[in-house]
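Tertiary structure, described
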Amino acid sequence: VFGINGQVTMIQPLTLTLDVATSALTRDLRAPNIDSNKIPSFVSNFIDIKSSSSLSTAGEAALALKIPHFALRLAYQRIEPDYTSLGAYYFNTDLENFTLAPGFDVFDGKLRVGGSIGLQHDNLLQNKLAQTSRLIGSSSIGWNPSQAFGMDLQYTNYSTDQGGGLRPVNDSIRVRNVSQ
């Protein structure tokens, strides 16, 4: 795995963050080597490319605006199918998210309100029979009237819509899964 991350403040309240990684994994060392001029030399210098090798990327970029008592974050996340890092047990893969997350506080920070709304879908390489789309969202309210007492309330709503992929099914058959 090769990754890079960074953060830069473009103008004082506006920050751009980036976290991107590429993973190369050979699942069977006994598989035959691949000789191809389509493989970049910087990849073949690090790893013997075999028929069981895969190369995939994952990353997130966000633009955040933070001013006193208000914050707004616009984020994009993409994790390609079969992205693997041997340093982690499990990854959600084959997904792409676009999210918008505002937040603010009032009463000298004693009351905080935040939320997130976004769209998520899978089937990034268009090789599944169906694509799943989700409206992802959450909200939270935190109240701390004193240093000794506080309350938090959170709500999360996820819905899922599935549509035809490579082989569309009869148009009269619709699938909708909702969990709340």
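Whatever comes next refers back to the structure up there.
The rules behind these values
Residues numbered from 1 in each chain as written. Predicted model: local features only at pLDDT ≥ 70, side-chain atom pairs only at ≥ 80, totals over all residues. Heavy atoms only, no water. Salt bridge = Lys/Arg side-chain N within 4 Å of Asp/Glu carboxyl O. Patch = residues over 30% accessible without salt bridge, like charges linked within 9 Å, V, L, I, M, F, W, Y side chains within 5 Å. Areas by Shrake-Rupley, 256 points an atom, 1.4 Å probe, with all protein chains shown as cover. Helix = DSSP H or I, 4+ residues; strand = E, 2+ residues; numbered from the N terminus. Buried < 20%, exposed > 50% of the residue type's maximum accessible area, 1.4 Å probe, protein only. Contact = heavy atoms within 4.5 Å. Core = buried A, V, L, I, M, F, W, Y, C linked by side-chain atoms within 4.5 Å. Phe/Tyr/Trp six-rings, centres within 6.5 Å; stacked < 30°, edge-to-face > 60°.

This part takes up the pattern of salt bridges. Under the defined criterion, the tally for this structure stands at 7 salt bridges. One network of salt bridges, in which partners are shared, links Arg-78, Glu-80 and Glu-96.

This brings us to a nonpolar patch on the surface. There is a patch of nonpolar side chains on the surface, built from Val-8, Met-10, Ile-11, Leu-16, Leu-63, Leu-74, Phe-98, Leu-100, Ile-117, Leu-119 and Leu-135 and spanning about 970 Å² of accessible area. Where the nonpolar patch is concerned, the elements lending two or more residues are strand E1 (2-11), strand E5 (95-106) and strand E6 (111-121). For the nonpolar patch, the element with the most residues is E1, which contributes 3 residues. Structurally, Phe-98 can be placed in strand E5. Using a relative accessible area of 43% as the deciding quantity, one classes Phe-98 as partly exposed.

Let us now look at the environment of Asn-123. With respect to the helices, strands and loops of the structure, Asn-123 is situated in the loop between E6 and strand E7 (130-146). Classification of Asn-123 by relative accessible area gives buried; the value is 2%. Between the alpha carbons of Asn-123 and Thr-93 there is a distance of 9.8 Å; along the sequence they are 30 residues apart. In this view, Asn-123 contacts Asp-94, Lys-128, Ala-130 and Gln-131; residues no more than four positions away in its chain are not counted.

The subject of this paragraph is the nonpolar core. Formed by Ala-21, Ala-58, Ile-79, Tyr-83 and Leu-95, the largest nonpolar core amounts to 5 residues. When neighbours within four sequence positions are excluded, Tyr-83 is seen to be in contact with Val-1, Ala-21, Thr-22, Ser-23, Ser-56, Thr-57, Ala-58, Phe-91 and Thr-93.

Time to look at the packing of aromatic side chains. For any pair of aromatic rings, the description rests on two quantities: the centre-to-centre distance and the angle between the ring planes. Considering all chains together, one arrives at 2 aromatic pairs under this definition. Aromatic side chains Tyr-76 and Phe-98 sit 5.0 Å apart centroid to centroid with 45° between the ring planes, which places their arrangement in the tilted category. Here Phe-98 lies in strand E5 and Tyr-76 lies in strand E4 (residues 70-79), a separation of 22 residues in the sequence. Its relative accessible area of 30% is what places Tyr-76 among the partly exposed residues. Plain terms: the ring middles of Trp-143 and Phe-149 are 6.0 Å apart, the flat faces sit at 85° to each other, and that makes the pair edge-to-face.

Attention now goes to the environment of Leu-100. Relative to the helices and strands, Leu-100 is located in strand E5. Judged by relative accessible area, Leu-100 falls into the partly exposed class, the value being 36%. Along the primary structure Leu-100 and Tyr-76 are separated by 24 residues, whereas in three dimensions their C-alpha atoms are 9.2 Å apart. Those residues in contact with Leu-100, other than ones at most four positions away along the chain, are Leu-72, Arg-73, Leu-74, Gly-115, Ser-116 and Ile-117.

Another aspect to go through is the environment of Ala-62. Residue placement: Ala-62 occurs in strand E3 (residues 53-67). What makes Ala-62 buried here is its relative accessible area of 4%. Expressed as a C-alpha distance, the spacing of Ala-62 and Leu-74, which sit 12 residues apart in the sequence, is 5.6 Å. Residues within four places of Ala-62 in sequence aside, it is in contact with Thr-15, Leu-16, Thr-17, Arg-73, Leu-74 and Ala-75.

Mapped onto the elements, Ser-52 comes out in the loop between helix H1 (41-44) and E3. Not counting residues within four places of it along the chain, the set of residues in contact with Ser-52 comprises Leu-25, Thr-26, Arg-27, Asp-28 and Ala-31.

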